[in-house]
Amino acid sequence: MSHITLTESAAYEVRDMLESNDMADGYLRFKVQGGGCTGLTYGMGAEMEQSENDEVYEFHGVKVLLDKYDIPVIDGTVIDYKQSLMGGGFTIENPNATLSCGCGSSFRTAANAGTPQPDC
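Given the structure is predicted, the values throughout are model-derived calculations rather than measurements. (Residues numbered from 1 in each chain as written. Predicted model: local features only at pLDDT ≥ 70, side-chain atom pairs only at ≥ 80, totals over all residues. Heavy atoms only, no water.)

Things to note about the packing of aromatic side chains
- Across all of its chains, the model carries two aromatic pairs by this definition.
- When the ring of F30 is compared with that of Y42, the centres are 5.6 Å apart and the planes differ by 20°; the resulting orientation is stacked. Pair noted here: F30 is in strand β2 (residues 27-35) and Y42 is in strand β3 (residues 39-47), with a separation of 12 residues, a long-range link.
- Where Y81 meets F90, the ring centres are 5.1 Å apart and the plane angle is 75°; that geometry is what we call edge-to-face. (Phe/Tyr/Trp six-rings, centres within 6.5 Å; stacked < 30°, edge-to-face > 60°. Helix = DSSP H or I, 4+ residues; strand = E, 2+ residues; numbered from the N terminus.)

Overview of the side chain of D67
- The residue D67 is located in strand β5 (residues 62-67) in this model.
- Despite its burial, D67 pairs with no opposite charge, the nearest such side chain being R29 at 5.4 Å.
- Reaching out from D67, the side chain makes a polar contact with the backbone nitrogen of Y69 at a distance of 2.8 Å.
- When near neighbours in sequence (up to four residues on either side) are disregarded, D67 contacts R29, N53 and D54. (Buried < 20%, exposed > 50% of the residue type's maximum accessible area, 1.4 Å probe, protein only. Lys, Arg positive; Asp, Glu negative; His and termini not counted. Salt bridge = Lys/Arg side-chain N within 4 Å of Asp/Glu carboxyl O. Polar contact = N/O pair within 3.5 Å; in protein donor to acceptor, adjacent residues only side chain to side chain. Contact = heavy atoms within 4.5 Å.)

Structural notes on unusual backbone geometry
- A positive phi angle, near 50°, is found at D22, a position not held by glycine.
- Judged by its relative accessible area of 73%, D22 falls in the exposed class.
- Phi is positive for H60, which is not a glycine, with a value near 50°.
- Take H60: it is sitting in the loop between β4 (54-59) and β5.

Dropping the structure here:
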């Protein structure tokens, strides 16, 4: 069973970015780190290798790395890509988030409050 979902439109954008950076065989890393207004923030980036703590998932031809320690905080999360008149961007819907900030990239869960940054 997958712990996250990468929609087809998000996978298309990720695949395009990987190919543009000569990383067609690379991975998308989706992670959680401390910080932001409410304690935790999401991170996404490209990597060429997985580490020993990673679980690998594949969605629409894109390989996604999740650190096994992040899974309880992001279990059930859906990553999508939406286009609008103002441009496009990734959206993250996390059913575990009990509080999030206005920017949408900072959150906390009932089990993990993270480390909020006072300057947000």
